[in-house]
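Results of the structural survey
Now for the letters of each chain:
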Amino acid sequence: MTGTLIATQYISLDGVIEDPVGMEDSGLGDWTGPYSRGPVGDAFKENELRDAAAMIYGRKTYDGFAAVWPDVPGDYAARMNALPKYLASRTVADPKWSNTTLLDRDLVHAVARVKEATGGNILIFGSGSVCHQLMRADLIDELSLIVYPVVLGRGVRLFPEGKAARFGLIESTGLNDGLMLLRYRRAAG
């Protein structure tokens, strides 16, 4: 019953995943705001969350989501709030968002245990430093990327320096406003 760990990201053409909606005070602004995913992209995000068994967050992404999602109406928010959430943080002692569990300090070991105990998809939204650590440990099984036609020139990128990996394409779908949905699965070996 090993779960599938999926890094699901909004990503710029130059690989930046940091602060896509401008909530983190990064100075990058709301770089996704001028674009619409359209009905196909919206359906993908809804189905992705519906099919998830759990979520993993780094502290910055968690703080942003926990400040908003508990007060948002609708089915998507209800699903987000109901899912088991795992938080990688050394500064949060008592997470307030429903169904949140702190991960042990050894992130790689803790996430490996979550994968072993969780049947189904485990999503990581944002959380660049968490993605970097888990990529280095070869724990990320799939990437779901919505590519935005912008070049930011700076910011946290999805792929850590010095880590090579191979992925095979499992889906490529054009969305509204020049966005692309690209899904990849880690290649064997």
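Now for a description of the structure that goes with this document. (Residues numbered from 1 in each chain as written. Predicted model: local features only at pLDDT ≥ 70, side-chain atom pairs only at ≥ 80, totals over all residues. Heavy atoms only, no water.)

As a packed pair, helix 1 (residues 38–50) and helix 3 (residues 75–82) sit with axes 10 Å apart at the nearest point and diverge in direction by 35 degrees. The two elements helix 1 and helix 3 cross, and the hand of that crossing is left-handed. Judged by residue contacts, Lys-45, Glu-46, Leu-49 and Arg-50 of helix 1 engage Tyr-76, Arg-79 and Met-80 from helix 3. Taken together, the residues of the contact of helix 1 with helix 3 sort by class into 3 nonpolar, no polar and 4 charged. (Axes fitted to C-alpha atoms, helices over the stretch in contact; angles between N-to-C directions. Helix = DSSP H or I, 4+ residues; strand = E, 2+ residues; numbered from the N terminus. Left-handed = near helix turned anticlockwise from the far one by under 90°. Contact = heavy atoms within 4.5 Å. Nonpolar A, V, L, I, M, F, W, Y, C, P; charged D, E, K, R; others polar.)

Further remarks concern the sheet that holds strand 5 (residues 121–125). Pairing within the open sheet is mixed, and its 8 strands lie in the order 4-3-2-5-1-6-8-7. The two strands at the open ends of the sheet, each matched to only one other strand, are strand 4 (100–102) and strand 7 (167–174). Each neighbouring strand pair of the sheet contributes to a mean axis angle of 25 degrees, computed without reference to strand direction. Taken strand by strand, helix 2 (residues 59–68) contacts strand 2 (52–58), strand 3 (85–88), strand 4 and strand 5, and its axis lies near 115 degrees from that of strand 2. (Pairing = 2+ DSSP bridges.)

This part takes up the packing of helix 4 (residues 107–117) against helix 5 (residues 128–136). Relative orientation of the contacting elements helix 4 and helix 5 amounts to 80 degrees, with a least axis distance of 10 Å. With respect to helix 5, the element helix 4 is oriented roughly perpendicular. Along its contact with helix 4, which presents Leu-107, Val-108 and Val-111, the element helix 5 presents Val-130, Gln-133 and Leu-134. Of the residues in the contact of helix 4 with helix 5, the class split is 5 nonpolar, 1 polar and no charged. (Parallel < 35°, antiparallel > 145°, perpendicular 65-115°, else oblique.)

With that settled, the discussion passes to the pairing of strand 8 (residues 180–186). Put simply, side chains in a regular strand alternate between the two faces of the sheet. Pairing of strand 6 (residues 142–148) with strand 8, which is carried by 6 bridges, proceeds in the antiparallel orientation. Residue pairing in the sheet places Ser-144 in a bridge with Arg-183 of strand 8. Summarising the sheet, strand 7 and strand 8 pair through 7 bridges and their orientation is antiparallel. Paired with Gly-174 across the bridge in strand 8 is Met-180. Remark: 5 residues form the turn of the hairpin made by strand 7 and strand 8, two consecutive strands paired antiparallel; Asp-177 in that turn has positive phi of roughly 55 degrees.

Before going further, it helps to examine helix 3. Ala-77, Met-80 and Asn-81 are the residues of helix 3 that are buried. Down the axis of helix 3, the buried set is contained in an arc of 95 degrees. They therefore lie on one face. Those residues of helix 3 that are buried lie in contact with helix 1, strand 2, helix 2, strand 3 and strand 5. (Buried < 20%, exposed > 50% of the residue type's maximum accessible area, 1.4 Å probe, protein only. Arc of directions from axis to C-beta.)

Here the focus is the packing of aromatic side chains. Scanning the entire structure with this criterion turns up 9 aromatic pairs. Ring geometry for Tyr-35 and Tyr-148: centres 5.7 Å apart, planes at 75 degrees, overall edge-to-face. With Tyr-35 in the loop between strand 1 (4–12) and helix 1 and Tyr-148 in strand 6, the pair connects residues that are 113 residues apart, well separated along the chain. The exposure class of Tyr-35 is partly exposed, given its relative accessible area of 24%. On the basis of relative accessible area, Tyr-148 is assigned to the buried category, the value being 3%. Among the aromatic residues, ring-to-ring pairing joins Tyr-57, Tyr-62, Phe-65, Trp-97 and Phe-125 into one connected group. If you follow Lys-85 out to its NZ or CZ, it ends over the ring of Trp-97, 4.7 Å from the centre. (Phe/Tyr/Trp six-rings, centres within 6.5 Å; stacked < 30°, edge-to-face > 60°. Lys NZ or Arg CZ within 6 Å of the ring centre and 35° of its normal.)

With that settled, consider the nonpolar core. Counting 26 residues, the largest nonpolar core has Leu-5, Ile-56, Leu-103, Val-111, Leu-134, Ile-140 and Leu-158 as its most contacted members. Put simply, the parts of the chain that give this core at least two residues each are strand 1, strand 2, strand 3, helix 4, strand 5, helix 5 and strand 6. Discounting residues that sit within four places of it in the chain, Val-111 has contacts with Leu-5, Ile-56, Leu-103, Leu-134 and Leu-139. Within the second largest apolar cluster, 16 residues are counted, among which are Met-55, Tyr-62, Trp-69 and Phe-125. (Core = buried A, V, L, I, M, F, W, Y, C linked by side-chain atoms within 4.5 Å.)

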